[in-house]
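What follows is each chain in one-letter form.
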Amino acid sequence: MVNSRVTALNKSATLKITALTKKLKREGKDVVNFAAGEPDFDTPDFIKNAAKDAIDKGFTKYTPSAGIPSLREAIAEKLRNKNKLKVEAEDILVTTGAKYAIFTAILTLTAVGDEVLIPSPYWVSYPEIVKLAGGEPVFLETRESSNFKVLPRDLDAACSERTKVLILNYPNNPTGSTYSEEELSAISEVAEKHNLFVVSDEIYEALVYDGKRHVSIASLPGMAERTLTVNGFSKAFSMTGWRIGYLAGKKDVIKEASKIIDHTTSCSCAISQKGALAALSSPDWQEKVKNDFQLRRNEMFDNLTKCKFLTPFKSEGTFYMFCDIRKTNLNSFEFSSRLLENHLVSCIPADAFGLDGFVRLSFSTGLEQIIKGVDRIKDFESRL
Ligand code: PMP
Ligand code: GLU
């Protein structure tokens with residue numbers, strides 16, 4: 001009865017475990033939440049006030065499907081100044097969260113049977129979005145020895161006649177790795193050689209540590225024509241529930257993509273668009289958030305290095321710490337279930353990201369929780 005394209009989808013493990021953690025907390029359980037896929041602080045007041053003002057002024061109707069002109073212009077300006085992209089307002093499509101920007105991008109580019117390369121480990125939703133669009137996910141394995149980054153020779157070898165798109169995500173969820181300009185440049189050469197489109201998910205761009213600079217692949221020579229850049233407000237401004245993101249690319253592709261918005265969501269939430277416009281007026285906010293997260297990253301990493309069986313991989317960005325748990329002789333699912341049931345620490349088993357033997361710990365929580373959670377992990381290890 002149900003469309004096989006839908007029955008073939010997996011439930012989102014990240015959303016499922018996040019919901020379970022929140023439920024246990026509501027029931028009064030003292031759970032340390034290392035599963036969180038969203039910032040732990042509240043949306044800043046200046047954004048909330050802009051949204052309240054929008055409601056009070058009756059800005060509550062449909063907007064143009066691609067977004068309000070002032071927001072499209074503000075996003076284009078941000079991308080020109082910060083990301084060195086040569087874009088105008090017509091090159092921007094405002095979407096219902098970054099997730100919908102990815103879906104719109106993949107649906108726009110992928111015909112039935114086209115192959116979409118997904119570096120693994122990968123964020124849970126990419127393969128499912130590709131399947132939903134009728135494409136074929138093809139996994140491109142990355143290795144710890146190369147910091148879980150795509151190597152140009154592996155990319156070259158993975159391309160076939162049917163390869164249409166490469167999904168790149170950096171800073172990466174779940175590994176926390178990111179790419180330098182040189183590394184992106186080498187990837188771009190292979191993308192050009194095989195005439196690939198790149199969907200570049202840069203939603204964690206504001207969270208890059210140790211003085212590293214985020215570079216957008218679309219800013220490199222020859223890449224603007226073959227890149228759709230995905231970004232949004234969820235992570236940088238803690239606006240996950242506002243459901244607001246965007247897609248940037250060449251206006252002829254964006255114009256086609258906007259037809260999908262016309263016939264699905266109509267437009268993104270008018271009130272959230274006003275909130276997003278306010279968010280872009282305060283670039284300083286992101287520096288503060290980044291500094292807080294870097295402290296947390298350091299605290300979690302330093303504590304985890306004292307674990308007996310678990311080995312952390314130091315993230316360069318995001319709020320995730322990817323950890324090797326193979327020395328425990330448990331698989332990812334067993335590790336995370338036992339850790340939650342017996343020691344009240346939630347985390348995401350990395351088989352959901354296509355790699356068993358690892359887990360993802362989120363440091364989107366306070367320093368005392370980080371210390372408490374790692375102490376519980378050590379206690380768990382001592383009983384293995
Ligand atoms: N891409 C990645 C890599 C993510 O981790 C997330 C978080 N859910 C998204 C996209 C989607 O973000 P949004 O909440 O704006 O849809
Ligand atoms: N991106 C977050 C995560 O990976 C949020 C959950 C989701 O949308 O999948 O946990």
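Bear in mind that the values here come from a model prediction, so they are computed numbers and not experimental data.

Visitor: Looking at this structure, how should I read the site of ligand 2?
Guide: Every residue lining ligand 2 is accounted for by Ser-12, Thr-14, Leu-15, Gly-37, Lys-99, Trp-123, Asn-173, Tyr-204, Lys-235, Tyr-320 and Arg-360. Taking Lys-99, its side chain carries an N or O atom lying 3.1 Å from an oxygen atom of ligand 2. Here an oxygen atom of ligand 2 sits 2.9 Å away from a polar atom, N or O, in the side chain of Asn-173. Computed on the free molecule, ligand 2 has an accessible area of 280 Å², of which 88% lies beneath the protein chains in the complex. Class assignment for the residues of the shell around ligand 2 results in four nonpolar, four polar and three charged.

Visitor: Looking at this model, I keep getting lost on the packing of helix α3 (residues 45–56) against helix α10 (residues 270–280). Mind explaining?
Guide: Angle between the axes and distance between the axes are the two parameters that describe a pair of packed helices. Running from N to C, α3 and α10 point in directions that differ by 140°, and their axes come no closer than 8 Å. Of the possible angle classes, the one that applies to α3 and α10 is oblique. Where α3 crosses over α10, the two elements pack in a sense that is right-handed. Here Phe-46, Ile-47, Ala-50, Ala-51, Ala-54 and Ile-55 of α3 come into contact with α10, specifically with Ile-271, Lys-274, Gly-275, Ala-278 and Ala-279. Across the contact of α3 with α10, the residue classes break down as nine nonpolar, one polar and one charged.

Visitor: Is there a simple way to think about empty space enclosed by the protein in this case?
Guide: Any space left empty among the atoms is revealed by the rolling of a water-sized probe across them. Under the definition given, this model contains two cavities of 30 Å³ or more. Taken as a whole, the largest cavity spans an internal volume of roughly 100 Å³. Listed by contribution, the elements that provide at least two residues to the lining of the largest cavity are β3 (115–120) and β5 (163–169). When its residues are assigned to classes, the lining of the largest cavity shows 11 nonpolar, four polar and no charged. Considered as a void within the structure, the second largest cavity measures approximately 80 Å³ in volume. For the second largest cavity, the full set of lining residues is Lys-78, Ile-203, Glu-205, Ala-206, Asn-231, Gly-232, Phe-233, Ala-236, Phe-237, Tyr-246, Leu-280 and Gln-286. Among the residues forming the lining of the second largest cavity, the class breakdown is seven nonpolar, three polar and two charged.

Visitor: Is there a simple way to think about the site of ligand 1 in this case?
Guide: Looking at ligand 1, there are 14 residues lining it, with Asp-201, Tyr-204, Ser-234, Lys-235 and Arg-243 nearest. With respect to ligand 1, the side chain of Asp-201 contributes an N or O atom lying 2.5 Å from a nitrogen atom. Interatomic distance of 2.7 Å between a side-chain N/O atom of Tyr-204 and an oxygen atom of ligand 1. When the free accessible area of ligand 1 is taken as 390 Å², the share hidden by the protein chains comes to 92%. Residue classes in the shell around ligand 1 are distributed as six nonpolar, four polar and four charged.

Visitor: Just to check I follow, could you spell out the packing of aromatic side chains for this structure?
Guide: What characterises a pair of aromatic rings is the spacing of the ring centres plus the angle enclosed by the ring planes. Scanning the model with the defined rule gives 19 aromatic pairs in all. Ring centres of Phe-46 and Trp-285 lie 6.4 Å apart, and the angle between their planes is 75°; on these two criteria the pair is classed as edge-to-face. In this pair, Phe-46 sits in helix α3 while Trp-285 sits in helix α11 (residues 284–304), placing the two residues 239 residues apart along the sequence. Assessed through its relative accessible area of 31%, Phe-46 is described here as partly exposed. Taken together, a centroid distance of 4.9 Å and an interplanar angle of 65° make the contact between Phe-319 and Tyr-320 edge-to-face. A residue is classified by how much of its surface remains accessible, and Phe-319, at 0% relative accessible area, is buried. Exposure remark for Tyr-320: the relative accessible area of 1% places this residue in the buried category. Feature note: the residues Phe-41, Phe-46, Tyr-204, Trp-285, Phe-293, Phe-319 and Tyr-320 constitute an aromatic cluster, connected by ring pairs.

Visitor: Hey, could you run me through the sheet that holds strand β13 (residues 358–362) in this one?
Guide: Read from one edge to the other, the open sheet built from four strands follows the order β9-β10-β13-β12, with strand pairing classed as antiparallel. Of all the strands in the sheet, the pair left with one neighbour each is β9 (311–313) and β12 (348–349). Both β12 and β13 contribute to a ladder of two bridges, which runs antiparallel. Across the sheet, the residue bridging to Ile-348 is Arg-360, located in β13. α11 rests against β9, β10 (320–324) and β13 of the sheet, and its axis sits at about 15° to β10.

Calculation rules
Residues numbered from 1 in each chain as written. Chains lettered and ligands numbered in written order. Predicted model: local features only at pLDDT ≥ 70, side-chain atom pairs only at ≥ 80, totals over all residues. Heavy atoms only, no water. Near = heavy atom within 4 Å. Polar contact = N/O pair within 3.5 Å; in protein donor to acceptor, adjacent residues only side chain to side chain. Areas by Shrake-Rupley, 256 points an atom, 1.4 Å probe, with all protein chains shown as cover. Nonpolar A, V, L, I, M, F, W, Y, C, P; charged D, E, K, R; others polar. Axes fitted to C-alpha atoms, helices over the stretch in contact; angles between N-to-C directions. Helix = DSSP H or I, 4+ residues; strand = E, 2+ residues; numbered from the N terminus. Parallel < 35°, antiparallel > 145°, perpendicular 65-115°, else oblique. Left-handed = near helix turned anticlockwise from the far one by under 90°. Contact = heavy atoms within 4.5 Å. 1 Å grid on protein atoms, 1.4 Å probe; cavity = no way out; pocket = protein on both sides within 12 Å on 5 of 7 lines; lining within 4 Å. Points joined across faces, edges and corners; volume = space filled by probe spheres on them. Phe/Tyr/Trp six-rings, centres within 6.5 Å; stacked < 30°, edge-to-face > 60°. Buried < 20%, exposed > 50% of the residue type's maximum accessible area, 1.4 Å probe, protein only. Pairing = 2+ DSSP bridges.

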